[in-house]
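# Architecture and fold: a report
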Amino acid sequence: MTLTSIILLILIGLVLLILEILFVPGMVLGFISVILMIIGIIFSYKDYGNTIGTIVLGGTTLTTIAAVYWAF
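Calculation criteria
Residues numbered from 1 in each chain as written. Predicted model: local features only at pLDDT ≥ 70, side-chain atom pairs only at ≥ 80, totals over all residues. Heavy atoms only, no water. Helix = DSSP H or I, 4+ residues; strand = E, 2+ residues; numbered from the N terminus. Rg over C-alpha atoms; globule rule 2.2 N^0.38 Å. Buried < 20%, exposed > 50% of the residue type's maximum accessible area, 1.4 Å probe, protein only. Contact = heavy atoms within 4.5 Å. Core = buried A, V, L, I, M, F, W, Y, C linked by side-chain atoms within 4.5 Å. Polar contact = N/O pair within 3.5 Å; in protein donor to acceptor, adjacent residues only side chain to side chain.

### Some details on the overall build of the protein chain
Along the backbone of the protein chain there are two helices and zero strands. The globule rule puts the C-alpha radius of gyration for 72 residues at 11 Å, and the 12 Å found for the protein chain is close to it. Burial status across the protein chain gives 31% buried among its 72 residues. Across the protein chain, every contact between residues at least 6 apart in sequence was considered, and the portion connecting residues at least 24 apart equals 54%.

In structure tokens, the structure reads:
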């Protein structure tokens with residue numbers, strides 16, 4: 001899987017998480033967003049090794065925390 005598709009999975013998950021917080025209550029979009037982000041992180045570890053996987057994990061974590069803080 002290319003790095004572009006991994007980033008796209010994580011960004012779609014982030015957008016769905018923000019939509020869940022702001023507009024659509026019910027935890028369905030939140031569950032889907034977490035699954036998409038986890039899949040993106042797993043593929044980054046599998047395809048690019050531990051270093052890039054850890055960078056993607058840290059970046060996703062920090063971006064998600066910032067987005068949730070901003071959405072609230």
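### Let's talk about unusual backbone geometry
The phi torsion at Met27 lies on the positive side, around 75°, for a residue other than glycine. Looking at the secondary structure, you find Met27 in the loop between helix H1 (3-22) and helix H2 (28-71).

### What to know about the nonpolar core
Ranked by size, the top nonpolar core spans six residues in total: Ile6, Ile10, Leu17, Met37, Ile41 and Val56. Looking at this core, the elements with two or more residues in it are H1 and H2. Residues contacting Ile41, with those up to four places away along its chain left out, are Ile10, Val56, Leu57 and Thr60.

### Here we look at the side chain of Thr64
One can find Thr64 in helix H2. Judged by its relative accessible area of 17%, Thr64 is buried. Those residues within four positions of Thr64 in sequence are excluded, and the remaining contacts are Leu14, Leu17 and Met37.

### Side note on the side chain of Thr60
Within the fold, Thr60 resides in helix H2. Reaching out from Thr60, the side chain makes a polar contact with the backbone oxygen of Val56 at a distance of 2.7 Å. In contact with Thr60, not counting residues within four places along its chain, are Ile10, Met37 and Ile41.

### Some points on the environment of Gly58
Structurally, the position occupied by Gly58 is in helix H2. Given a relative accessible area of 31%, Gly58 falls into the partly exposed group. The spatial distance from the C-alpha of Gly58 to the C-alpha of Leu11 is 14 Å, given a sequence separation of 47 residues.

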